[in-house]
Amino acid sequence: MRGQCDCGNVTVTIPELPSEMNACPCEFCSRVGARWGYFKRDTVQVDGKTDVYRRATRTIEFHRCSICGVVTHWHEPKGRLPHMGVQMLNFDRVVIAEIPIVIEP
Ligand SMILES: [Zn+2]
Ligand SMILES: [Zn+2]
């Protein structure tokens, strides 16, 4: 299934719905209202130009649409993490409403 940012420039295709969404309570994720679904990196396709933010000294890249600025996903480009995070609020709200929310840093 496919989600997109507010303007449609960036699309994110996931293989299936996640079993839960993480409302990560860290400062960055709280500010952007994240509901992360976690997926193996090679199962997610992202199309469209994004800009990147690397928080503090961490190696994780947060991606946002280069036009509308909506956060779409994060990943760790050096590949140490096997998974990536997808902002599930960019998907159909009716569909994701059934997914339980967890809060884990
Ligand atoms: Zn956009
Ligand atoms: Zn966070």
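Residues numbered from 1 in each chain as written. Chains lettered and ligands numbered in written order. Predicted model: local features only at pLDDT ≥ 70, side-chain atom pairs only at ≥ 80, totals over all residues. Heavy atoms only, no water.

### Focus on the coordination of the zinc ion (ligand 1)
Link 1 in the chain: Taken together, Cys5 (SG), Cys7 (SG), Cys65 (SG) and Cys68 (SG) make up the protein donors of the zinc ion (ligand 1), found 2.3 to 2.4 Å from the metal.
Link 2 in the chain: Each of the four donor atoms around the zinc ion (ligand 1) contributes to a set of angles spanning 104 to 118 degrees, which defines the coordination as tetrahedral.
Link 3 in the chain: Linear spacing of the donor residues for the zinc ion (ligand 1) on their chain is C-x1-C-x57-C-x2-C. In this pair, cysteine 5 is assigned in the loop between strand 1 (2-4) and strand 2 (11-13) and cysteine 65 in strand 7 (residues 61-65), connecting sequence segments 60 residues apart. Across the pair, exposure class does not vary: cysteine 5 and cysteine 65 are buried alike. (Donors = N, O, S within 2.8 Å, 3.2 Å for Na, K, Ca; no water. Tetrahedral: all angles 85-135°; square planar, octahedral: opposite > 155°, others 65-115°. Helix = DSSP H or I, 4+ residues; strand = E, 2+ residues; numbered from the N terminus. Buried < 20%, exposed > 50% of the residue type's maximum accessible area, 1.4 Å probe, protein only.)

### Examining the coordination of the zinc ion (ligand 2)
Around a metal, the idealised angle for a tetrahedral arrangement of four donor atoms is 109.5 degrees; for an octahedral arrangement of six donor atoms it is 90 or 180 degrees.
Link 1 in the chain: Taken together, the protein donors to the zinc ion (ligand 2) comprise Cys24 (SG), Cys26 (SG) and Cys29 (SG), at separations of 2.2 to 2.3 Å.
Link 2 in the chain: Counting gaps between the donor residues of the zinc ion (ligand 2) yields the pattern C-x1-C-x2-C.

### Structural notes on the packing of aromatic side chains
Link 1 in the chain: Under the definition given, this model contains five aromatic pairs.
Link 2 in the chain: Judged by centre distance (5.3 Å) and plane angle (35 degrees), the ring pair of phenylalanine 28 and tyrosine 53 falls under tilted. Separated by 25 residues along the polypeptide, phenylalanine 28 in helix 1 (residues 27-32) and tyrosine 53 in strand 6 (residues 50-54) bring together distant segments of the chain.
Link 3 in the chain: Judged by relative accessible area, which is 12%, phenylalanine 28 ranks as buried.
Link 4 in the chain: For the ring pair tryptophan 36 and phenylalanine 62, a centre distance of 6.1 Å and an interplane angle of 40 degrees mean the geometry is tilted. Taken together, the positions of tryptophan 36 in strand 4 (residues 36-40) and phenylalanine 62 in strand 7 put the pair 26 residues apart, joining distant regions of the chain. In this pair, the class of tryptophan 36 matches that of phenylalanine 62, namely buried.
Link 5 in the chain: Grouped by ring-pair contacts, the aromatic residues Phe28, Trp36, Tyr38, Tyr53, Phe62 and Trp74 constitute a single cluster. (Phe/Tyr/Trp six-rings, centres within 6.5 Å; stacked < 30°, edge-to-face > 60°.)

The values are spatial; any link to function lies outside them.
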